[in-house]
Amino acid sequence: MAEIKLAADIRTEFGKGAARTVRRENKVPGVIYGHGTEPVHVTLPGHELLLALRTPNVLLSLDIDGKNELAIPKAVQRDAIKGYLVHVDLLLVKRGEKVTVEVAVETEGDLAPGSFLVENVLNTLSVETEATHIPTSVTVSIAGLEGGDAIHAKDVTLPSGTTLVTDPEAVVIQILAAQAEEPAAETAEAEGAEA
């Protein structure tokens, strides 16, 4: 997992007007909290933060007035139409500290021959892991599975040092048999015969 360095400036003005001014300067208002400290209001470089947030559960190394802090994104607000960042909440973490995060589930492999469909019941798993070693995703093999097969959370192989928080019996991936529809002509004939 990569650690991305960003410079953060302390923010002293609050409210909608101040936030709009910050955004016009291509910066994003944010708040950093955690470890029983008072929340710190900051501004972050907009483009660099946007690129950093493309990595799920990214670890940010923030330079706040010469003091270095580690944080992970907790809540990210985006403009519904244009998609730019409106505000970000960051959670302070320490090296070696365990955090609970959502990790994406990816599939690999081919199903058994036949007409089967993969249903992703859960797209993410909640796991507890060290803040500096958060996995970006977990991979589940669906090779050879047939209709009716299911993969539960307890069956997913997690990286070392990572423990499952999601209910172990929760279904993550389910394989369904594709249902064939009757041709329209045969259905119409059958309905005519019944009448």
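Remember, it's a predicted structure, so these values are computed and weren't measured experimentally.

K.L.:
Is there a simple way to explain the overall build of the chain in this structure?
P.N.:
Within the chain one finds three helices and 13 strands. Since a compact globule built from 195 residues should have a radius of gyration of about 16 Å, the 24 Å found for the chain marks it as more spread out than a globular shape. The principal-axis extent of the C-alpha atoms belonging to the chain is close to 80 × 40 × 25 Å. Out of the 195 residues in the chain, the part that is buried amounts to 33%. Within the chain, contacts between residues at least 6 apart in sequence are counted, and of these 64% link residues at least 24 apart. Total accessible area on the chain is roughly 11700 Å²; 50% of this is exposed by carbon and sulfur atoms. For the chain, the distance from the average site of its 16 positive side-chain charges to the average site of its 30 negative ones is 18 Å.

K.L.:
What am I meant to see in the sheet that holds strand 5 (residues 67-78) here?
P.N.:
Note on sheets: strands pair through backbone hydrogen bonds, and any given pair is parallel or antiparallel. Reading around the circumference, 1-3-2-6-5-4 is the order of the six strands in this closed barrel, with mixed pairing throughout. Taking the axes of each pair of neighbouring strands and ignoring which way they run, one obtains an average angle of 45 degrees across the sheet. In this sheet, strand 5 lies alongside strand 4 (residues 59-64) in antiparallel orientation, the contact comprising five bridges. Residue Leu60 lies in a different strand from strand 5, and its bridge partner there is Ala71. Relative to the sheet, helix 1 (residues 16-24) contacts strand 2 (27-34), strand 3 (37-45) and strand 6 (85-93), its axis offset from that of strand 2 by approximately 115 degrees.

K.L.:
What am I meant to see in unusual backbone geometry here?
P.N.:
Across residues other than glycine, the phi torsion is negative in most instances, and most of the peptide bonds are trans. Phi is positive for Asn26, which is not a glycine, with a value near 60 degrees. Note that Asn26 resides in the loop between helix 1 and strand 2. Even without glycine at this site, Asp65 takes up a positive phi of about 50 degrees. By the element assignment, Asp65 lies in the loop between strand 4 and strand 5.

K.L.:
It is not clear to me how the environment of Lys82 should be interpreted in this structure. Could you clarify?
P.N.:
The residue Lys82 is located in the loop between strand 5 and strand 6 in this model. Lys82 gets classed as exposed once you look at its relative accessible area, which sits at 69%. The spatial distance from the C-alpha of Lys82 to the C-alpha of Glu119 is 31 Å, given a sequence separation of 37 residues.

K.L.:
Honestly, the sheet that holds strand 13 (residues 171-177) in this entry has me stumped. Any pointers?
P.N.:
Read across the open sheet, the three strands follow the order 8-13-11; overall the sheet is antiparallel. At either end of the open sheet lies a strand with only one pairing partner, and these are strand 8 (116-120) and strand 11 (150-152). The average angle at which neighbouring strand axes cross in this sheet is 10 degrees, direction not considered. Here strand 8 runs beside strand 13; their pairing, made up of five bridges, is antiparallel. Opposite Leu117, over in strand 13, you have Leu176 as the bridge partner.

K.L.:
Sorry if this is basic, but what is going on with the nonpolar core here?
P.N.:
For soluble globular proteins, the rule of thumb is that nonpolar side chains tend to be buried together. Membership of the largest hydrophobic core comes to 23 residues, with the highest contact counts inside it found for Ile72 and Leu125. Within the residue set of this core, elements represented by two or more residues are strand 5, strand 6, strand 7 (98-108), strand 9 (124-130), strand 10 (137-141) and strand 13. The biggest single contributor to this core is strand 7, with four residues. What Ile72 contacts, discounting residues up to four positions off in sequence, is Val58, Leu59, Asp89, Leu90, Leu91, Val93, Val99, Val101 and Ile134. If you look at the next biggest cluster of nonpolar residues, it comprises 18 residues, including Leu6, Val42, Leu60 and Leu85.

Rules of the game
Residues numbered from 1 in each chain as written. Predicted model: local features only at pLDDT ≥ 70, side-chain atom pairs only at ≥ 80, totals over all residues. Heavy atoms only, no water. Helix = DSSP H or I, 4+ residues; strand = E, 2+ residues; numbered from the N terminus. Rg over C-alpha atoms; globule rule 2.2 N^0.38 Å. Buried < 20%, exposed > 50% of the residue type's maximum accessible area, 1.4 Å probe, protein only. Contact = heavy atoms within 4.5 Å. Areas by Shrake-Rupley, 256 points an atom, 1.4 Å probe, with all protein chains shown as cover. Lys, Arg positive; Asp, Glu negative; His and termini not counted. Charge placed at Lys NZ, Arg CZ, Asp CG, Glu CD. Pairing = 2+ DSSP bridges. Axes fitted to C-alpha atoms, helices over the stretch in contact; angles between N-to-C directions. Core = buried A, V, L, I, M, F, W, Y, C linked by side-chain atoms within 4.5 Å.

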